[in-house]
Amino acid sequence: MAEWMNISTLKETISGSSAAEITASYLETIGKSGINGYTYVFDGALERAKSIDKDGHGGMLAGVPIAIKDSISTKGMPTTCGSKILEGYVAPYDAHVIERLKVAGAVILGKTNMDEFAMGTSTESSAYGTTLNPWDPKRVPGGSSGGSAAVVAAGETPLSLGSDTGGSVRCPAAFCGVVGFKPSYGAVSRYGLVSYANSLEQIGPIATSVEDIAVLMDVIGGYDSRDSTSIDKEIRYQDALVDDVAGLNIGVPTEYFGEGIDAGVEKSVWDAIHMYEDMGATWTQVSMPHTKYALAAYYVIAMSEASSNLARFDGTRYGPRVDGENWHVMASRTRASCFGKEVQRRILLGTYALSAGYHDKYYLKALKVRTLVKQDFDRALSQVDVLMAPTMPTPAFKIGEKIDDPLSLYLSDVNTVPINLAGVPSISVPCGQVDGLPVGLQIIGKHFDDSTLIRSAFAFETNTDHHTMRPAEVV
Ligand code: GLN
């Protein structure tokens, strides 16, 4: 497994030797660990690095390699969303974030594995095989951006992008012992992200340090007229890299430490909160009474939006087709044979929740609960600066342990989905280990106060060494 390198070390190395050398060393590492983190490795990466060497190293990420979740359109590369229904599809355009990365001089190494259409918490629902957790190959890397987190943890890239609809950046970051950030809704353009549940999701970075997260956010964040939910408000992430939490007021939501939270996880998170106290912050217990309804509301809304968003995959426009005597037969055969079980389950349930007669009972009700959950956050965050809780209730579970029991898989999202319902920012940082497996501390902030999150996470990282723990050799 290759060394972990952060952006500043990489840039020094690149200016001392070359971007091509760095890219070549990552390309050599990819695949050696056998974790199945990449669905595609870009064969033009070395050429791109060489051209950056020729043009000089001006950009913020000049010559720095990055891996991209396979649901983000990347021109000329496959974008499969971990699904057979997009097998062979090559994106004809770049997502907004990819355009930004290219301007900044980043070198895209390839596309990373994910749960099919980002539906999952374990990366076991990919049509291209499960990704293994570099800390223990018998365990899941988390999901749905499991490939993106695993390749960072395994040293197969210094940086990656994922997307977070209900925890998909934070969960795999927590399970793989790296940092994952879900920005405020509207802070990063979704143009070019294949939608699963668009009212909930944001593209977010994964890295080995908060500092790298801030650099990456300065590159990909900001207004884009092609996303109608993009907000024109500047956030300067790197300016928030300040080691100072004196006077920071932390809220600890009681409901996030409920039933099912592993005792070791709970202890690591409390140790972290006490560390903040030592650093000059204060904490108070807060209550967010609607948290218990958030999971159900999230799944109704996410499945409803998915049923509509995935209607476009009908065998006509993209990917493979299974022929039939008319369009209806062709579309239904294609969808039945190319969508996996979990995707089909969610399309069925979402269609049901939106159908006449049930719409008020399920979808509308879920939207009302969403408002109540959002009000919980507004209330709590008017009393404190940030909230802190476990990202995931347990460390990474075993491959196969939950895959046949979707409900227990959904339950593991209990601490991440409320954040997406509210649209607020949240970061997961490593804060300890249980039986040799990493634990994530989740820090949640006010909408568009992403800077306070970065500052809080940076101060923790500066005063602790949890983020430097790395997995041993995988194979
Ligand atoms: N596990 C959640 C789901 O399956 C979240 C996934 C995500 O954030 N993309 O919907």
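Residues numbered from 1 in each chain as written. Predicted model: local features only at pLDDT ≥ 70, side-chain atom pairs only at ≥ 80, totals over all residues. Heavy atoms only, no water.

Caption draft 1: The overall build of the chain, seen in detail. For the chain, the helix and strand inventory stands at 15 helices and 11 strands. Here the C-alpha atoms of the chain give a radius of gyration of 21 Å, agreeing with the 23 Å that 2.2 N^0.38 yields for 475 residues. Projected onto its principal axes, the C-alpha coordinates of the chain cover approximately 70 × 55 × 45 Å. Looking at the chain as a whole, 60% of its 475 residues qualify as buried. (Helix = DSSP H or I, 4+ residues; strand = E, 2+ residues; numbered from the N terminus. Rg over C-alpha atoms; globule rule 2.2 N^0.38 Å. Buried < 20%, exposed > 50% of the residue type's maximum accessible area, 1.4 Å probe, protein only.)

Caption draft 2: Quick peek at the site of the ligand. Around the ligand, the surrounding shell holds 15 residues, and the nearest of these are G166, S168, Y196, Y298 and D413. A distance of 3.4 Å is found between a nitrogen atom of the ligand and a side-chain nitrogen or oxygen belonging to S144. The side chain of D413 places a nitrogen or oxygen atom 2.8 Å from a nitrogen atom of the ligand. Here the ligand, which alone exposes 290 Å², has 100% of that area covered by the protein. Counting atoms within 2 Å of the grid points, the majority share of the ligand lands in the largest cavity. Among the residues making up the shell around the ligand, the classes are represented as 5 nonpolar, 7 polar and 3 charged. (Near = heavy atom within 4 Å. Polar contact = N/O pair within 3.5 Å; in protein donor to acceptor, adjacent residues only side chain to side chain. Areas by Shrake-Rupley, 256 points an atom, 1.4 Å probe, with all protein chains shown as cover. 1 Å grid on protein atoms, 1.4 Å probe; cavity = no way out; pocket = protein on both sides within 12 Å on 5 of 7 lines; lining within 4 Å. Sits in = over half its atoms within 2 Å of the grid points. Nonpolar A, V, L, I, M, F, W, Y, C, P; charged D, E, K, R; others polar.)

Caption draft 3: Focus on the environment of D94. Mapped onto the elements of the fold, D94 is located in the loop between β2 (65–69) and α4 (96–103). You can call D94 buried: its relative accessible area is 12%. Taking the C-alpha atoms as reference, D94 lies 35 Å from M388; in sequence the two are 294 residues apart. Excluding residues that lie within four positions of it along the chain, D94 makes contacts with S73, T74, K75, E99, K102 and Y191. Within the local environment of D94, its side chain forms a polar contact with the backbone nitrogen of K75, the two atoms lying 2.7 Å apart. For D94, the side chain forms a polar contact with the side chain of K102, separated by 2.7 Å. (Contact = heavy atoms within 4.5 Å.)

Caption draft 4: Spatial organisation of empty space enclosed by the protein. All chains considered together, the criterion is met by 2 cavities of 30 Å³ or more. Its volume calculated, the largest cavity comes out at about 100 Å³. In this structure, the second largest cavity occupies an estimated 30 Å³ of space. If you go around the second largest cavity, the residues you meet are A174, F175, V265, M392, T394, P395, P438, V439 and G440. (Points joined across faces, edges and corners; volume = space filled by probe spheres on them.)

Caption draft 5: Broad picture of the packing of α4 against helix α7 (residues 210–220). Viewed as axis vectors pointing N to C, α4 and α7 meet at an angle of 110 degrees, and their least axial separation amounts to 8 Å. Regarding the angle of α4 to α7, the classification is roughly perpendicular. For the pair formed by α4 and α7, the contact residues are H96, V97, R100 and L101 on the first element and L216, V219 and I220 on the second. Of the residues assigned to the contact of α4 with α7, the class counts are 5 nonpolar, 1 polar and 1 charged. (Axes fitted to C-alpha atoms, helices over the stretch in contact; angles between N-to-C directions. Parallel < 35°, antiparallel > 145°, perpendicular 65-115°, else oblique.)

Caption draft 6: Local environment of the packing of helix α9 (residues 291–309) against helix α11 (residues 341–354). Orientation of α9 relative to α11, taken along the N-to-C sense of each, is 100 degrees, at an axis distance of 7 Å. By the angle class used here, α9 and α11 are roughly perpendicular. Residues Y299, V300, M303, S304 and S307 of α9 touch α11, and the partners they reach there are R346, I347, L349, G350, T351, A353 and L354. Across the contact of α9 with α11, the residue classes break down as 7 nonpolar, 4 polar and 1 charged.

Caption draft 7: Structural context of the packing of aromatic side chains. Taken as a whole and judged by the stated rule, the model has 15 aromatic pairs. Pairing W270 with W283 gives two aromatic rings, centres 4.9 Å apart and planes at 65 degrees, and the pair type is edge-to-face. With W270 in helix α8 (residues 263–278) and W283 in strand β8 (residues 282–286), the pair connects residues that are 13 residues apart, well separated along the chain. By relative accessible area, W270 is classed as buried at 18%. Taken together, the aromatic side chains of Y89, F117, F313, Y318 and F339 make up a single cluster linked through ring pairs. The cationic tip of R226 hangs over the ring face of Y191; the distance from NZ or CZ to the ring centre is 4.1 Å. Between K402 and the ring centre of F397, over which it is positioned, the NZ or CZ distance is 5.0 Å. (Phe/Tyr/Trp six-rings, centres within 6.5 Å; stacked < 30°, edge-to-face > 60°. Lys NZ or Arg CZ within 6 Å of the ring centre and 35° of its normal.)

Caption draft 8: Region of interest: the sheet that holds strand β1 (residues 38–41). Sheet architecture is open: 11 strands sit in the order β1-β3-β2-β4-β6-β5-β10-β11-β9-β7-β8, paired in mixed fashion. Unpaired on one side and paired on the other, β1 and β8 mark the two borders of the sheet. Strand after strand, the sheet turns through a mean of 30 degrees between neighbouring axes, direction not considered. In this structure, strand β4 (residues 159–164) lies alongside strand β6 (residues 202–207), joined through 6 bridges in antiparallel fashion. Within β6, the position partnered with S160 by the bridge is I206. Contacts from α4 reach β2, β3 (107–112), β4 and β6 within the one sheet, and its direction differs from that of β2 by about 175 degrees. The sheet contacts of helix α5 (residues 146–153) involve β1, β2, β3, β4 and β6, and relative to β4 the element is tilted by about 155 degrees. (Pairing = 2+ DSSP bridges.)

Function cannot be read off these values alone, since they describe shape.
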